[in-house]
Amino acid sequence: KGYAESMDIPGLKFHVHNEEGRAPMALIEIPGNGKKNIMVYGHLDKQPHMEGWTEGTGPTTPTIIGDKLYGRGSTDDGYVSFATLTAVKNILDQGQEIPRIVLVLEAEEESGSKDLVYLLEKCKDIIKTPDVCLCCDSGALDYKTLWLTSSLRGSMGMNVKVSIAKDAFHSGICGGAMPETFRIANNLLDRLEDPITKRMEKFEVEIEDRFKEEAKNIVGLVGTDLYKDFKLLEGCRPIHHDNLEEMYLNINWRPALAVCGADGLPTLSKAGNVVRASTSLRLKIRLPPSLDAKEMCDEVVKTLSEDVPFGAKIEFDDVSSGSGWVMKDLKEETSKAIHESSEEFYEKKAGLYGIGGSIPFLKTLEGIYPETEILAMGVGGNDCNIHAPDETLDIPYMKKFIPTLSHILAKMA
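Residues numbered from 1 in each chain as written. Predicted model: local features only at pLDDT ≥ 70, side-chain atom pairs only at ≥ 80, totals over all residues. Heavy atoms only, no water.

**Student:** Teacher, can you tell me more about the overall build of the protein here?
**Tutor:** For the protein, the count of helices and strands is 12 helices and 18 strands. Expressed along its principal axes, the backbone C-alpha trace of the protein runs to roughly 85 × 50 × 45 Å. Sequence-distant contacts in the protein: of pairs separated by 6 or more residues, those separated by 24 or more amount to 81%. Carbon and sulfur atoms provide 50% of the accessible area of the protein, an area that totals close to 20,500 Å². Measuring between centres, the 47 positive side-chain charges of the protein sit 1 Å from its 65 negative side-chain charges. (Helix = DSSP H or I, 4+ residues; strand = E, 2+ residues; numbered from the N terminus. Contact = heavy atoms within 4.5 Å. Areas by Shrake-Rupley, 256 points an atom, 1.4 Å probe, with all protein chains shown as cover. Lys, Arg positive; Asp, Glu negative; His and termini not counted. Charge placed at Lys NZ, Arg CZ, Asp CG, Glu CD.)

Next up, the structure:
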């Protein structure tokens, strides 16, 4: 609030919607000339701090090393309010007009946006109906281009518990008779993902030719940089290392399973010679952008629940899902504003690429405002370590991104 008010932007109003039992939402309203209504989305909440930050940096200690600003939320998504307000101030200082702008800052994006629809409804008199929504929570394929996101995968998560007995039992007495729940869990996961091909064909969709062409273009641009930031160990290789176009489609348009956590497994130093009574796994599945995540979530539960080996008991909890998103064709004037602004600072038109991550907010917004043009963009390159230790913001890229955003907003006025 202090930064917003310090910019001395005419008519700026700062709003906070805060009620017990709900996440808060902050809104910054700038009246502009009122000819168009532009919504800029960002979020204030951050991922957990985590351990393992480079010495001299930290999640809550902003530190510049070289061209990088270190700190939790530097890229995801703390930059948005500062960048937007600076872009607006830049336009006004040059004597140009701005459209009406409402900066909408959510406070629970990293935990599922469960109150978002409710909050948008509560704040509708401030937001009104946007002509264009700029979601600035996406990424950048490289730092040489202004990137728009063509698609985002959906996601679903759940805890799955497999139980076979009331208590663990001595493996010398029951081993060979009492089934191992870790192996049962593995067998169940094989129903979702082929253990050899690593494909989840039951949850795949037909990929349109335009996205296959996008894969070809992106691979021609970045080559093996597509996976260089994965930090694979020497001698290890990614899936489809010999077919990068298929790797791109795997990352952006095909489902993928990750086992993110486990319970019921003691640490190695405390492991006894027993067959354990249960195993719990935290599953995260990325889904094709065009699939209904809730329907797929129900299908996963059904697939894992039917005819379980040895009659083992299956329990599910903390189940959540969010659908993906595919960018619609832009109006000519919007496309022109984006590409001309990009050419001014990046010396080329904006690029288009898919991201395998998820921003369920976009599908939600599309449902609330079906006539609104929605664009997803951001500053997070593959080296930014979003959600991990050493999250960074690339400063030279920001120095181009902010004036480009200024030009886009000015042209939309």
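Right, picking up where we left off after that structure.
**Student:** Help me understand the nonpolar core in this model?
**Tutor:** One broad trend across soluble globular proteins is that nonpolar side chains are buried collectively. Core analysis: the largest hydrophobic core is formed by 81 residues, its most contacted members being Ile30, Ile127, Leu134, Phe361, Leu362 and Phe401. Counting residues in each nonpolar core, the second largest holds 24 residues, with Met158, Val162, Leu257 and Cys297 among its members. (Core = buried A, V, L, I, M, F, W, Y, C linked by side-chain atoms within 4.5 Å. Buried < 20%, exposed > 50% of the residue type's maximum accessible area, 1.4 Å probe, protein only.)

**Student:** Looking at this model, I keep getting lost on the sheet that holds strand E15 (residues 325-326). Mind explaining?
**Tutor:** Strand pairing within a sheet occurs via backbone hydrogen bonds; the two strands may be parallel or antiparallel. Strand order in this open sheet of three strands is E15-E8-E16, and the pairing throughout is mixed. Taken across any chain shown, the strands that pair with only one partner, and hence form the sheet edges, are E15 and strand E16 (351-355). Pairing geometry for strand E8 (residues 147-152) and E16, over five bridges, is parallel. The partner of Leu148 across the bridge, within E16, is Leu352. Each of E8, E15 and E16 touches helix H7 (residues 209-222); the most contacted strand, E16, lies at about 105° to it. (Pairing = 2+ DSSP bridges. Axes fitted to C-alpha atoms, helices over the stretch in contact; angles between N-to-C directions.)

**Student:** Could you clarify how one ought to interpret helix H9 (residues 293-305) in this entry?
**Tutor:** One full turn of an α-helix is made of 3.6 residues, so residues set three or four places apart face in the same direction. Its 13 residues place the ends of H9 18 Å apart at the C-alpha level, agreeing with the 18 Å of an ideal helix rising 1.5 Å per residue. Looking only at H9, the buried set comprises Ala293, Met296, Cys297, Val300, Thr303 and Leu304. For H9, the angular spread of the buried residues around the axis is 125°, confining them to a single face. One side-chain oxygen of the residue at the start of H9 lies 3.1 Å from the amide nitrogen of Lys294, identifying that residue as Asp292. At the C-terminal side of H9, Asp307 shows a positive phi close to 50°. (Expected span 1.5 Å × (residues − 1). Arc of directions from axis to C-beta. Polar contact = N/O pair within 3.5 Å; in protein donor to acceptor, adjacent residues only side chain to side chain.)

**Student:** Please clarify how the pattern of salt bridges should be interpreted in this entry.
**Tutor:** For side chains bearing opposite charge, pairing can occur when the charged atoms are close. Under the definition given, this model contains 20 salt bridges. Between Arg254 and Glu246 there is a salt bridge, with its nearest N and O atoms 2.9 Å apart. A relative accessible area of 9% means that Arg254 is categorised as buried. Members of the salt-bridge network, linked through shared partners, are Arg22, Lys114 and Asp115. (Salt bridge = Lys/Arg side-chain N within 4 Å of Asp/Glu carboxyl O.)

**Student:** Can you help me understand the packing of aromatic side chains in this one?
**Tutor:** To describe a pair of aromatic rings, one takes the distance between the centres and the angle between the planes. For the structure on display, the rule yields eight aromatic pairs. For the pair Tyr41 and Phe361, a centre-to-centre distance of 3.8 Å together with 15° between the ring planes defines the contact as stacked. You can see Tyr41 sitting in strand E3 (residues 37-43) and its partner Phe361 sitting in helix H11 (residues 360-368), a full 320 residues away along the chain. On the basis of relative accessible area, Tyr41 is assigned to the buried category, the value being 0%. (Phe/Tyr/Trp six-rings, centres within 6.5 Å; stacked < 30°, edge-to-face > 60°.)

**Student:** Even after reading the chapter, I still don't get a negative patch on the surface, so can you show me in this structure?
**Tutor:** Negative charge collects at one region of the surface, where Glu206, Asp209, Glu213 and Glu245 lie side by side. Checked against the element boundaries, Glu206 lands in the loop between helix H6 (181-192) and H7. (Patch = residues over 30% accessible without salt bridge, like charges linked within 9 Å, V, L, I, M, F, W, Y side chains within 5 Å.)

**Student:** How should I be thinking about the pairing of strand E6 (residues 100-106) in this particular structure?
**Tutor:** As a general feature of sheets, a regular strand has side chains that alternate between the two faces. For E6, a buried count of seven out of seven residues is recorded, marking the element as mostly surrounded by other parts of the structure. The sheet contact formed by strand E2 (residues 25-30) and E6 spans five bridges and is antiparallel. Bridging from a neighbouring strand, Glu29 pairs with Val102 of E6. Note: E3 against E6, seven bridges, orientation parallel. Bridge pairing in E6 links Met39 to Val102.

**Student:** Quick question: what am I supposed to make of the packing of H6 against H9 here?
**Tutor:** Axis angle and axis distance: for two packed helices, these are the angle between their axes and the distance between the axes, and together they describe the pair. One can describe the packing of H6 onto H9 by two numbers: an axis separation of 9 Å at closest approach and a directional angle of 135°. As summarised for this structure, H6 and H9 are arranged oblique, according to the angle between their axes. The two elements H6 and H9 meet at a crossing, and its hand is right-handed. Judged by residue contacts, Leu188, Arg191 and Leu192 of H6 engage Val300, Thr303 and Leu304 from H9. Considered class by class, the residues forming the contact of H6 with H9 number four nonpolar, one polar and one charged. (Parallel < 35°, antiparallel > 145°, perpendicular 65-115°, else oblique. Left-handed = near helix turned anticlockwise from the far one by under 90°. Nonpolar A, V, L, I, M, F, W, Y, C, P; charged D, E, K, R; others polar.)

**Student:** How should the packing of H7 against helix H8 (residues 244-253) be read in this particular structure?
**Tutor:** Taken N-terminus to C-terminus, the directions of H7 and H8 make an angle of 120°; their axes are 9 Å apart at the nearest point. The orientation of H7 relative to H8 falls into the category oblique. Judged by the sense of rotation from one axis to the other, the crossing of H7 with H8 is right-handed. Across the interface between the two elements, Phe211, Lys212, Glu214, Ala215, Lys216, Ile218 and Val219 from H7 touch Leu244, Glu245, Tyr248, Leu249 and Trp253 from H8. Among the residues forming the contact of H7 with H8, the class breakdown is eight nonpolar, no polar and four charged.

**Student:** Looking at this model, I keep getting lost on the side chain of Ser280. Mind explaining?
**Tutor:** Looking at the element boundaries, Ser280 is found in strand E13 (residues 278-287). In contact with Ser280, other than residues within four places in its own chain, are Val160, Lys161, Gly261, Ala262 and Asp263.

**Student:** For this particular structure, what's the right way to read the sheet that holds strand E11 (residues 256-263)?
**Tutor:** What the four strands build is an open sheet, ordered E11-E13-E9-E14; its pairing is antiparallel. Each having just a single partner strand, E11 and strand E14 (313-322) make up the two edges of the open sheet. In this sheet, neighbouring strand axes are inclined to one another by 20° on average, regardless of whether the strands run parallel or antiparallel. Strand direction decides the pairing type here: E11 and E13, joined by seven bridges, are antiparallel. By the bridge assignment for E13, Ala256 is matched with Arg286. Across the sheet, H6 lies against strand E9 (154-163), E11, E13 and E14, angled at about 20° from E13, the strand it touches most.

Read these as geometric descriptors, not functional statements.
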